[in-house]
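# Per-entry structural report
For reference, the chains in residue letters:
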Amino acid sequence: MISFIVKRLLQSVMVMLTVAFVAFALFNYVGDPISNMVGQDTTFAEREQLREQLGLNDPFLVQFGRFVGNAVQGDFGLSYHHKQPVSNLIAERMPATLELSFISALISLLLGIPLGVYTALNRDSIMTKIIMTGSLIGVSLPTFLIGILMILLFGVVWRVLPTFGRGDVVMLGWWSTGLLTVTGLKSIIMPAFTLALFQMTLIMRLVRAEMLEVLRTDFIKFARARGLPRRSVNYRHALKNTLVPVITITGLQIGSIIAFAIITESVFQWPGMGLLFIQAISDVDIPIMAAYLVMIALFFVVINLIVDILYFLVDPRLRVDRVSGSH
Amino acid sequence: MALLEIKDLRIEFPSRRGTMVAVDKVSLQVNPGEVLGVVGESGAGKSTIGNAVIGLLEPPGRMAAGEVYLKGERIDNLSDREKRKLRGKRIGMIFQDPLTSLDPLQTIEKQLVETIELHLDVTEAEAKDRAVDLLRQVGIPDPEHRVKQYPHQFSGGMRQRVVIALALCAEPEVIIADEPTTALDVSIQAQILELIKKLCVEKNVGMMIITHDMGVIADVTDRVAVMYRGNLVEEGTTAKILGDPDHPYTQSLISAVPRPDKRLDRFPLVEYIESAGETKKSLDIANHWLGQARDFGDHYTGPLIHVENLYMRFLTKNSIFKKNRSYFDAVKDANFEINSGEIFGLVGESGSGKSTIARMISGLYTPAEGSIYFAGTDLTQITTEKKRDHFRRQMQMIFQDPFSSLNPRMKVMDIIAEPIRFHGLASSRAETESIVRDLLDHVGLGVAAAMKYPHEFSGGQRQRISIARALATRPRFLICDEPTSALDVSIQAQILNLLKDLQAELGLTMLFISHDLPVIRQMCDKVGVMRYGQLLEVAETEQLFENPQHEYSQHLLELMPKLTNVKAA
Amino acid sequence: MKQALKRFFDGDLWYSFSHSPVVILSAVITLLIILSAIFAPMIAPHNPFDLASIDIMDSNLPPAWNEFDGDMRFLLGTDDQGRDILSTILYGARISLLVGFASVAFSVVLGVGLGLISGYAGGRTDTFIMRIADVQLSFPAILIALLIDGVARGIFPRDLHDELAVYVLIFAIGISGWVQYARTVRGATMVEKGKEYVQAARVIGIRPGTILFRHILPNVTGPVLVIGTIHLALAIITEATLSFLGVGVPPTTPSLGTLIRIGNDYLFSGEWWISIFPGIALILLVLAVNLLGDWLRDALNPKLR
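Residues numbered from 1 in each chain as written. Chains lettered and ligands numbered in written order. Predicted model: local features only at pLDDT ≥ 70, side-chain atom pairs only at ≥ 80, totals over all residues. Heavy atoms only, no water.

### Examining the overall build of chain A
For chain A, the count of helices and strands is 13 helices and two strands. Oriented by its inertia axes, the alpha-carbon framework of chain A measures out at about 85 × 65 × 35 Å. Burial status across chain A gives 50% buried among its 327 residues. If you take every contact in chain A between residues at least 6 apart in sequence, the share linking residues at least 24 apart comes to 71%. When the accessible area of chain A is evaluated, it comes to approximately 15,200 Å², of which 67% is carbon and sulfur surface. Side-chain charges of chain A comprise 25 positive and 20 negative groups, with the mean position of each set lying 20 Å from the other. (Helix = DSSP H or I, 4+ residues; strand = E, 2+ residues; numbered from the N terminus. Buried < 20%, exposed > 50% of the residue type's maximum accessible area, 1.4 Å probe, protein only. Contact = heavy atoms within 4.5 Å. Areas by Shrake-Rupley, 256 points an atom, 1.4 Å probe, with all protein chains shown as cover. Lys, Arg positive; Asp, Glu negative; His and termini not counted. Charge placed at Lys NZ, Arg CZ, Asp CG, Glu CD.)

Below, the structure is given as structure tokens:
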């Protein structure tokens, strides 16, 4: 178990280093960092001095090492556009994105998994056909369109929900939460559902496909041949076996929720990291892009580690040694 | 009164192309303490009978007519709920593949206790005791400890014992076993069959064994029902069916089973089944394309194949450090020779390394150590593809699985033409095509086969296509890796006859690999016995069968189904 | 040829197609949209890019059936610059489909190629390619596309970037989608490689390149077709999303996503038609393609039925 986790940790570090490398390359080779920092009237000598000061004339590896060292401490330099430390900008906006992502993930899991199980077990029922058709419409609706339609209905036509922003927020230390105020809760409903819908349909379809696969296996047939009741066959045996692959992909999906939040935040003017990132792209604000990239990778790596540990708890084949004893 | 009685059973599988009748007008009886064998080749409909009895036919299959009685009580018209109560409690079922029959995420104990508690009125502690007791009964050593383990910690044979224990949980009156030993090695097969037979007598249950294997029938059954294309053609005591069958199908089926006790020149033909083949005219080798260019330019007279100190290793655990890597020796220090014109057999159980040797000779694997001499040249020392091609042309291989050995996206014409084109054995497209047609005709398929795709052929016909492809390079050495183990026994006889004929006509040298001792006896001049990667004994075939030297060879021969009561053909 | 056609119409694929009205309808809708996009210059009532024919006085007109301001010349109304919505949709669908098809083609070529190599070669090549795939999989396609777009903005000057926007998009979406093909094809290749027909070809002496293209490739196309169809829908969505976010194609040559973005600004003032009609066109197209993909997957994978 320990060696497995250690191996995974090493792999995670490799992933993080690769991403850091990409981020670093962005930082250094897209445009000239100096001309992004200083005004038009700076002299060549001043530029050279700044270059030397920032260590941009150092060998490649030294620069990369410094970048990684700074990144580990959360230092990604100054934003070209905002002229503020990137870490401050991100820290300020992270709670908004994480709250939104968390609520959406919850919605998509709590609805997606039961619906997937239901449609797999009742393969030919009318309800299943309706759900499946609905899910196909769900994956065909671009997130931003769902957002627009919701705004049109709930915000413009019926005027029951706020159409932009987070509402009132409460500070818990450095963390700003919108989950403790009425306006904050009202504000998160539309963005959260918008973000959850696509993921939910994906999770549902995945659970359904895996469950159908498991239901075809020999051990399910043998369980039925032993007279085990439907409930036991479906839930104790089939569902548990379905979970193994489902955990992996669900982990991936939850990671992507954080990134997909970019679109939702943009539609609802939600003051999160995604909105910051989109603006950074329009402004070619490289330090923010690089930092965002590293942040997303970090989230992903952490989620993956959790997934691996869950795997361990579910699947004994990873926990115990192979064939033991005599033939 | 019979324990289980099936009357006029008819099973249909409706589809858009019409209704397929899997089983029709089948009536069977199983008595207490008796083992009934249901035997037939693939497509005979035997497996669906078992599923129909316990009410688990795969949709769209349905029982269209007939009645099923358990102790005189009709059960086929019961509701789903009532049928479920019968399953496991009164009728037990054993499936073919023990590796996939158990839930991988639950301990053996959980699976046993769940089934026991469902059917018997016991406390949890009693159920646990019974679980251990059941494992002991099916011969699992140290059951108190092993009951806590997961399925993946058991070997295949042990898992099948667990499956049997699960089927026995509630002391059912009838057990239906669907090919219970097909996925197992011979030595484990013998143990499982013995166990089944013992339990049957001890517990006085009625048993229905569904199988394609005449050896299993001869070993354990009391009575046999013979199925052919959904119909019951004959039923009687095992001695009667094996020794003096009435129906022509049964007669030909039994005559096609390779005899373990003496060597015949050819297998008796099974005219009843598939009239394919055997229309082949003998050919004038001197003027035929296959007979040309048989001079390989080496005038070598020693043994065609000479294998020296051959090793093969597979990496089982990788590591960046050489020290930490671990290997599995698939073949250890193999040495043998194959003389020109000889058929050399390799026999052994799965994992013994026999196929690995074949793959090393054919160039699919690179040996870890050792030499393979082909007509005096060490193949392991050849460095360029071009030089290797010279030898590739001279040796070809026939594989086991007729369903995966042909590219499903290519026409038969292109499949057989590929080696001819690659080695430049014909001067024009027209010549290539005429050679392909000739080859197809020669292996008994007829020229029309060229324009079809592989899926339009049966298993036996596909194996003929494989043979034609192998012949297309005009080889002098042919490797046959279990060429008939995926085929029905009647088709096997035809294919083996074809191989024998070709060998005689073309003077081919052959390496013939099989796990089936009777087939080896019928086909080979010399045999090597393998176990755990080691070649234990090499002997003339007759000598090995009459007087085996190595302990393991003796053991294998003992396990061989004797079919002693079979009438001499 | 005749034989092949007969086989096709006898086959299960055609049977399941011809017996599903929903699938036939999807195919018809997809074809209609594709055809009307191709022939947009001929069938569109106006040319929205011809500045001479646009009159700012016609801006923000509602659909023709509106009893107050409806103008029969503009069936679905006009946008803020007085462009006919129906015409901009037809021209916009052109851009959307072009980017969709081209980026899928890019992903397919890259993904199938790398998947074949990875699956057949195994060993270090395989590990290397799959590690890259793993890292890329850490990021959703949309994020990668965004990043590439951002980088392109940094590299090219503003006016050049607008000109190259479509190509940048194709590259960005294409490169963000190859992993799925590579993984699927790698898996399928490893299965096929183990099959005996490949071993038979190796015993004959056929070289790896030929084996890959003549033997393995035709046997792994089924899943590629399925993923490709579903991916087309996804690529169209991604393009629309990027354009909606303002980092896709510029407003001078609008795609469906750009149109929705333009309309979004007028949503609150009641001019809903500017974004809703392009939205409906987009949904129709994506839904039809998705339905086709869904059917294809079921039809090519009979064990799922």
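On we go from here.
### What about the packing of helix H5 (residues 86-121) of chain A against helix H10 (residues 230-268) of chain A?
All names here are of chain A. For the pair H5 and H10, interaxial distance at closest approach is 9 Å and the crossing angle is 145 degrees. In this structure, H5 crosses over H10, and the sense of that crossing is right-handed. Of the residues in H10, those touching H5 at Thr97, Leu98, Leu100, Ser101, Ser104, Ala105, Ser108, Leu109, Val117 and Leu121 are Asn234, Tyr235, Leu239, Thr250, Ile254, Ile257, Ile258, Ala261 and Glu265. Partitioned by chemical class, the residues of the contact of H5 with H10 number twelve nonpolar, six polar and one charged. (Axes fitted to C-alpha atoms, helices over the stretch in contact; angles between N-to-C directions. Left-handed = near helix turned anticlockwise from the far one by under 90°. Nonpolar A, V, L, I, M, F, W, Y, C, P; charged D, E, K, R; others polar.)

### Quick look at a nonpolar patch on the surface
Taken together, the side chains of A:Leu298, A:Val302, A:Ile306, A:Ile309, A:Leu310 and A:Leu313 present a nonpolar region at the surface, about 520 Å² in accessible area. The topology assignment puts A:Leu310 in helix H12 (residues 286-314). (Patch = residues over 30% accessible without salt bridge, like charges linked within 9 Å, V, L, I, M, F, W, Y side chains within 5 Å. Salt bridge = Lys/Arg side-chain N within 4 Å of Asp/Glu carboxyl O.)

### Considerations on the interface of chain B and chain C
Every contact between the two is made by 31 residues of chain B and, on the other side, 22 residues of chain C. Across the chain B to chain C interface the summed buried area is about 2,300 Å²; carbon plus sulfur atoms make up 50%. The largest per-residue losses of area from chain B upon contact with chain C belong to B:Arg16, B:Leu364 and B:Glu418, which jointly make up 26% of the total buried on that side. Here chain B is connected to chain C by three salt bridges. We note a salt bridge from C:Arg207 to B:Asp389, for which the minimum N-O separation is 2.6 Å. Taken together, the links from chain B to chain C amount to 14 residue pairs in polar contact (both at pLDDT 80 or more). Here the element with the most residues in the side of chain B that touches chain C is helix H12 (residues 385-394) of chain B; it accounts for four residues. In the side of chain B that touches chain C, the residues fall into eleven nonpolar, eight polar and twelve charged. (Buried area = accessible area lost by both parts, 1.4 Å probe. Polar contact = N/O pair within 3.5 Å; in protein donor to acceptor, adjacent residues only side chain to side chain.)

### Observations regarding the sheet that holds strand S8 (residues 206-211) of chain B
Either a parallel or an antiparallel arrangement is found when strands of a sheet pair, and the pairing is made through backbone hydrogen bonds. Residue and element names in this part refer to chain B. The strand order across the open sheet formed by six strands is S6-S7-S8-S3-S9-S10, and the pairing between neighbours is mixed. Lying at the two open borders of the sheet, with one neighbouring strand each, are strand S6 (91-94) and strand S10 (231-237). With strand direction ignored, the average angle separating the axes of adjacent strands in the sheet is 15 degrees. Bridge analysis of S6 against strand S7 (residues 174-178) gives four bridges, and the strand direction is parallel. Looking across to S7, one finds that isoleucine 91 is bridged to valine 174. (Pairing = 2+ DSSP bridges.)

### Thoughts on the pattern of salt bridges
According to the stated counting rule, one finds 43 salt bridges over all chains in the structure shown. A salt bridge links A:Arg216 to A:Glu213; the shortest N-O distance between them is 3.2 Å. Among the charged side chains, a network of salt bridges with common partners joins B:Arg10, B:Glu12, B:Asp24, B:Lys25 and B:Arg62.

### Examining the confidence of the model for chain B
Residues and elements named next belong to chain B. Per-residue pLDDT for chain B averages 87, and the proportion of residues at 70 or more is 93%. Contacts from residues 274-279, a stretch scored under 50 in pLDDT, to residues over four places away or in other chains number twelve contacts. We note a pTM of 0.83 for the whole complex and an ipTM of 0.83 for its interfaces. (pLDDT = per-residue confidence, 0-100.)

### Looking at the interface of chain C and chain A
Chain C puts 39 residues into the contact, and the matching count from chain A is 45 residues. Taken over both partners, the interface formed by chain C and chain A buries close to 3,700 Å², and the fraction arising from carbon and sulfur atoms is 80%. We note a salt bridge from C:Asp294 to A:Arg205, for which the minimum N-O separation is 3.3 Å. For the pair chain C and chain A, the number of links is two residue pairs in polar contact (both at pLDDT 80 or more). Among the secondary structure elements, those contributing two or more residues to the side of chain C that touches chain A are helix H6 (123-137), helix H7 (141-155), helix H11 (221-244), helix H12 (256-264) and helix H13 (273-300) of chain C. Here the side of chain C that touches chain A gets ten residues from one element, more than from any other, and that element is H13(C).

### Section: the domain arrangement of chain B
All names here are of chain B. Each assigned domain of chain B is listed with its residue range as follows: domain 1 (34-55 + 79-254) and domain 2 (295-398 + 476-559). Each of domain 1 and domain 2 has a C-alpha centre, and the two are 35 Å apart. The interface of domain 1 with domain 2 comprises seven residues on the first partner and seven residues on the second. Contact with domain 2 buries surface across domain 1, with Glu41, Asp185 and Val186 losing the most and accounting together for 56% of the total. The tally of links between domain 1 and domain 2 comes to zero salt bridges. Taken together, the links from domain 1 to domain 2 amount to five residue pairs in polar contact (both at pLDDT 80 or more). Element by element, the count of residues in the side of domain 1 that touches domain 2 is highest for helix H7 (residues 186-203), at three residues. For the side of domain 1 that touches domain 2, the class distribution of residues is three nonpolar, two polar and two charged. (Domains from an automatic or database assignment.)

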